[in-house]
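Coordinate analysis (summary)
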Amino acid sequence: AGPNISAAPLKGEPVGSNLQTTSRIYYFAGITGEYHFSNRWGAALGVQYAVRGNGYRVRENPVAVESFRRQYIDVTPVLVYRVLDRLDLQAGVYLASKLGEQFQTGNSEDWNTGIGNIYSGSDFGLAPGLRFHAGKWVFMANAQLGLKRISQFEFTNELGEPSFVSERNRSFQVGLGYCIF
């Protein structure tokens, strides 16, 4: 469990656009099972609840801010390689199923549910990470690099010509865990 710094940068943003994306800090918590094939190699399967999101800001108007948050259940199968006695490298994928989404506008403290879904109901991507073991405690740092477009917007310029913009998940998690067995 721990904090999650997430963003969904715009790809294909039209030239001269005043929209800027910002990252948000939310959280995650989960459980992982692991099996070691040898002293160095193993496999792990994690399941976690994660809240990820991002914000948008108009460059000339710092008050015009919208924040989005999405709740997910993630399943993360990874290969584990023990580099040192206490340090593991992980490489795998994550598969995410969206449970819900909310947005917040301006300086409001209220989170609202939209009329429709702006973001896709699923996501997947790469899940690299590392873990440091200290007795039964585990300190972890993981990333999620989305390969799927989680949303797509259409912008039009002053001539009415469309431009399609998409977003992919980018998330960095740090956490603390405890080994039961």
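What you are looking at is a predicted structure, and each value in this text was computed from that prediction instead of being measured.

Observations regarding the packing of aromatic side chains
Counted by the stated rule, this structure contains seven aromatic pairs. Judged by centre distance (5.6 Å) and plane angle (70°), the ring pair of tyrosine 35 and phenylalanine 37 falls under edge-to-face. Neither residue differs from the other here; tyrosine 35 and phenylalanine 37 are each classed as exposed. Grouped by ring-pair contacts, the aromatic residues Tyr56, Phe68, Phe103 and Tyr119 constitute a single cluster. Over the ring of tryptophan 111 we find arginine 69, and its NZ or CZ is 4.1 Å from the ring centre. Geometry around tyrosine 119 places arginine 70 over its ring, the cationic atom sitting 4.2 Å from the centre.

Some words on the pairing of strand S7 (residues 122–126)
As paired strands, strand S6 (residues 87–105) and S7 are joined by five bridges and run antiparallel to one another. Bridging from a neighbouring strand, valine 93 pairs with leucine 126 of S7. By the bridge criterion, two bridges tie S7 to strand S9 (residues 137–146) in an arrangement that is antiparallel. Among the inter-strand pairings, glycine 125 is bridged to a residue of S9, identified as glycine 146.

What counts, and at which threshold
- Residues numbered from 1 in each chain as written.
- Predicted model: local features only at pLDDT ≥ 70, side-chain atom pairs only at ≥ 80, totals over all residues.
- Heavy atoms only, no water.
- Phe/Tyr/Trp six-rings, centres within 6.5 Å; stacked < 30°, edge-to-face > 60°.
- Buried < 20%, exposed > 50% of the residue type's maximum accessible area, 1.4 Å probe, protein only.
- Lys NZ or Arg CZ within 6 Å of the ring centre and 35° of its normal.
- Pairing = 2+ DSSP bridges.
- Helix = DSSP H or I, 4+ residues; strand = E, 2+ residues; numbered from the N terminus.

Keep in mind these numbers describe shape, not what the thing actually does.
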